[in-house]
Amino acid sequence: MKRRFAELTRSWIWILVSVALWCLLWGGLALKSLLGGLAAALFVFVLFPMPPLGHELTIRPVRFLLFLVRFLYDLCESAIEVGWFAIRPAPQPPSSVIAVTLASRSDFFLSFTGVLCTLIPGSVVVEAQRATGTLFLHTIGTGTPEEAEKARRTVREQEERLLWAFGRREVLEEAGLR
């Protein structure tokens, strides 16, 4: 347990991100939400330590900003589209389960890409195959092969932006981006 507390110094950025997300969930920046978020983050990080990721990650500030702006744009665009599907006077849009093989074989980037795809309304990851680096997503509005291919391309582009924002040179080379 003592070692886990010592490992917290390496996870400080993830703890800060967790506290920020906690504050967003509680709807504001107040002392009690900051302290509650910090307590929750420390509790989780001590009980469930993250595996070492230092060999896969680096942060490129400009690429990260581009990644974040595009993610927020995709989030808003998809929310409007799904909202329209919900209120329009027409039949439900077609949906399907698509398989997307990712460029990176990293567990971190497979998981993070899956989380990002699930956060965007209109798609949800139903399975992730670690051995093949494949995500299976249920997507709305993919009734034709062309729409399914467009959804696959969107997921691959999301992964590419994520890799450019956080991936080390070796990870980028493995994914064929360098």
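## What to know about the nonpolar core
Here's step 1: Leu-57, Phe-67, Phe-109, Leu-116, Leu-162, Leu-163 and Phe-166 are the most contacted members of the largest nonpolar core, which has 15 residues in total.
Here's step 2: Listing elements by their share of this core, those giving two or more residues are α4 (61-87), α5 (107-119), α6 (145-166) and α7 (169-174).
Here's step 3: Among the elements that take part in this core, α6 stands out by supplying five residues, more than any other.
Here's step 4: For Leu-163, the residues in contact, after removing those within four places along its chain, are Arg-60, Ser-104, Phe-109, Val-171, Leu-172, Ala-175 and Leu-177.
Here's step 5: If you look at the next biggest cluster of nonpolar residues, it comprises 10 residues, including Leu-110, Leu-137, Ala-148 and Ala-151.

## Some points on the packing of α5 against α6
Here's step 1: Look at α5 against α6: their axes get within 10 Å of each other, and the N-to-C directions meet at 125 degrees. The pairing of α5 with α6 is recorded here as oblique in orientation. Handedness of the crossing formed by α5 with α6: right-handed. Where α5 abuts α6, its residues Phe-109, Phe-112, Thr-113, Leu-116 and Cys-117 lie against Val-155, Gln-158, Glu-159, Leu-162, Leu-163 and Phe-166.
Here's step 2: Looking at the contact of α5 with α6 residue by residue, the classes come out as eight nonpolar, two polar and one charged.

## Here we look at the pattern of salt bridges
Here's step 1: Evaluation of the coordinates by the stated rule reveals six salt bridges.
Here's step 2: Of the charged contacts in the structure, one is a salt bridge between Glu-149 and Arg-156, with a shortest N-O distance of 3.5 Å.
Here's step 3: The exposure class of Glu-149 is partly exposed, given its relative accessible area of 34%.
Here's step 4: A salt bridge links Arg-168 to Glu-170; the nearest nitrogen and oxygen atoms lie 3.9 Å apart.
Here's step 5: Overall, the relative accessible area of 33% leaves Arg-168 in the partly exposed class.
Here's step 6: Ionic contacts of the salt-bridge type, sharing partners, join the residues Arg-70, Asp-74 and Arg-161 into one network.

## Remarks on the pairing of strand β2 (residues 123-129)
Here's step 1: In terms of strand pairing, β2 meets strand β3 (residues 134-140) through six bridges, oriented antiparallel. For Ala-128, the partnering residue across the bridge sits in β3 and is Leu-135.
Here's step 2: Counting the residues that bridge the hairpin from β2 to β3 gives four residues, and of these Gly-133 lies at a positive phi of roughly 65 degrees.

Calculation criteria
- Residues numbered from 1 in each chain as written.
- Predicted model: local features only at pLDDT ≥ 70, side-chain atom pairs only at ≥ 80, totals over all residues.
- Heavy atoms only, no water.
- Core = buried A, V, L, I, M, F, W, Y, C linked by side-chain atoms within 4.5 Å.
- Buried < 20%, exposed > 50% of the residue type's maximum accessible area, 1.4 Å probe, protein only.
- Helix = DSSP H or I, 4+ residues; strand = E, 2+ residues; numbered from the N terminus.
- Contact = heavy atoms within 4.5 Å.
- Axes fitted to C-alpha atoms, helices over the stretch in contact; angles between N-to-C directions.
- Parallel < 35°, antiparallel > 145°, perpendicular 65-115°, else oblique.
- Left-handed = near helix turned anticlockwise from the far one by under 90°.
- Nonpolar A, V, L, I, M, F, W, Y, C, P; charged D, E, K, R; others polar.
- Salt bridge = Lys/Arg side-chain N within 4 Å of Asp/Glu carboxyl O.
- Pairing = 2+ DSSP bridges.

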